[in-house]
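Each chain is listed here by its residues.
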Amino acid sequence: MAGSAPAIRTVLHVDMDAFYAAVEQRDRPELRGRPVVVGAKPGGRGVVSAASYEARRFGIHSAMPISRAYRLCRDAVYLPVDMDKYAAVSRQIMALLAEWTPLLEPVSIDEAFLHVTASRALRGDGPTIARDIKARIRAEVALTASVGVAPNKFVAKVASDLEKPDGLVVVEPGQEAAFLAPLPFGRLWGVGRVTGTELESLGILTIGQLASLPPATLLARF
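Residues numbered from 1 in each chain as written. Predicted model: local features only at pLDDT ≥ 70, side-chain atom pairs only at ≥ 80, totals over all residues. Heavy atoms only, no water.

## Topic: the sheet that holds strand 7 (residues 145-150)
Item 1. Read from one edge of the open sheet, 5 strands run 5-6-1-7-8, paired in mixed fashion. This sheet does not close on itself; its edge strands, each paired only once, are strand 5 (104-108) and strand 8 (168-170). In this sheet, adjacent strand axes meet at a mean angle of 15° when their direction is disregarded.
Item 2. Note: strand 5 against strand 6 (residues 111-115), 4 bridges, orientation antiparallel. Residue pairing in the sheet places E105 in a bridge with F113 of strand 6. (Pairing = 2+ DSSP bridges. Helix = DSSP H or I, 4+ residues; strand = E, 2+ residues; numbered from the N terminus. Axes fitted to C-alpha atoms, helices over the stretch in contact; angles between N-to-C directions.)

Next up, the structure:
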């Protein structure tokens, strides 16, 4: 309509919780509630591909050397990667997500962005769509997903990771800076160990502190 305000962009980031491990626990009820590690065989030289939340309580996480994971929790169940199975479940989830919008952007086997700005007339606002998606995934795939809702992809992705597992975090338009400010700078894409050490040497610990630095200071240092 002429003269009407433009629609506020709404992006969802849907991220499956401990995907490989969760699929194994779903398919093998005896593993539910137990620490499960999917990846290389203990004693080998590979890494952890996924760790259930029970395993994460022991400090185990993805990309960790499997030998270290085994030292942290010898009683965990260690399983090989079954990529064919995970890919089949992923296809089921992505097909479900595509029902909400054709603007589906898979990021990896277990996460995707959904641009739902134009879906609100039929599907409701972003939080409503997110709740519906979570419920459908739980009902039809028997897994949980965490969802971030925000005006852009970066903030939506950060939001989806904050209340795992089975989380839903909504960042309203105009609140992006306030939402990001107290978070550690490590939440920023591209900030690794070397850059992190440099930032800490400047006394920077949060995204808000980083944002307050004059651009000239950052250009001179980095």
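## A closer look at the environment of M94
Item 1. Counting through the fold element by element, M94 comes out in helix 4 (residues 83-97).
Item 2. Taking relative accessible area as the criterion, M94 reaches 14% and is therefore assigned buried.
Item 3. Between the alpha carbons of M94 and E105 there is a distance of 9.4 Å; along the sequence they are 11 residues apart. (Buried < 20%, exposed > 50% of the residue type's maximum accessible area, 1.4 Å probe, protein only.)

## Description of the pairing of strand 2 (residues 36-39)
Item 1. Side-chain alternation along strand 2 places V36 and V38 on one buried face and V37 and G39 on a second face that is also buried.
Item 2. As paired strands, strand 2 and strand 4 (residues 77-79) are joined by 3 bridges and run parallel to one another. Looking at strand 4, one finds that V36 is bridged to V77.
Item 3. The sheet contact formed by strand 2 and strand 3 (residues 48-51) spans 3 bridges and is antiparallel. Each bridged residue has a counterpart across the sheet, and for V38 the counterpart in strand 3 is A50.

## Some points on helix 7 (residues 153-160)
Item 1. Considered for burial, the residues of helix 7 that qualify are V155, A156, V158, A159 and S160.
Item 2. The inward-facing, buried residues of helix 7 contact strand 1 (11-16), strand 7, strand 8 and helix 8 (176-180).
Item 3. With a side-chain oxygen positioned 3.2 Å from the backbone nitrogen of F154, the residue opening helix 7 is N152. (Contact = heavy atoms within 4.5 Å. Polar contact = N/O pair within 3.5 Å; in protein donor to acceptor, adjacent residues only side chain to side chain.)

## What about the packing of helix 1 (residues 19-27) against helix 4?
Item 1. Closest axis-to-axis distance for the helix 1/helix 4 pair is 10 Å, and the angle between their directions is 95°. Between helix 1 and helix 4, the angle is such that the two are roughly perpendicular. Listed contacts from helix 4 to F19, Y20, V23, E24, R26 and D27 of helix 1 are M83, K85, Y86, V89, S90 and I93.
Item 2. Its residues assigned to classes, the contact of helix 1 with helix 4 comprises 7 nonpolar, 1 polar and 4 charged. (Parallel < 35°, antiparallel > 145°, perpendicular 65-115°, else oblique. Nonpolar A, V, L, I, M, F, W, Y, C, P; charged D, E, K, R; others polar.)

## So, the packing of aromatic side chains
Item 1. Under the defined criterion, the tally for this structure stands at 5 aromatic pairs.
Item 2. Here a set of aromatic residues connected by ring pairs shows up, and it is made of F19, Y20 and Y86.
Item 3. Positioned above the aromatic ring of Y53 is the side chain of R56, whose terminal nitrogen or guanidinium carbon lies 4.3 Å from the ring centre.
Item 4. In this structure, R123 is placed above the aromatic ring of W100, and the distance from its NZ or CZ to the ring centre is 5.0 Å. (Phe/Tyr/Trp six-rings, centres within 6.5 Å; stacked < 30°, edge-to-face > 60°. Lys NZ or Arg CZ within 6 Å of the ring centre and 35° of its normal.)

## A short note on the environment of R74
Item 1. With respect to the secondary-structure elements, R74 resides in the loop between helix 3 (66-72) and strand 4.
Item 2. Residue R74 is classed as exposed on the basis of its relative accessible area, which comes to 53%.
Item 3. For the pair formed by R74 and S52, sequence separation is 22 residues and the distance between their alpha carbons is 14 Å.

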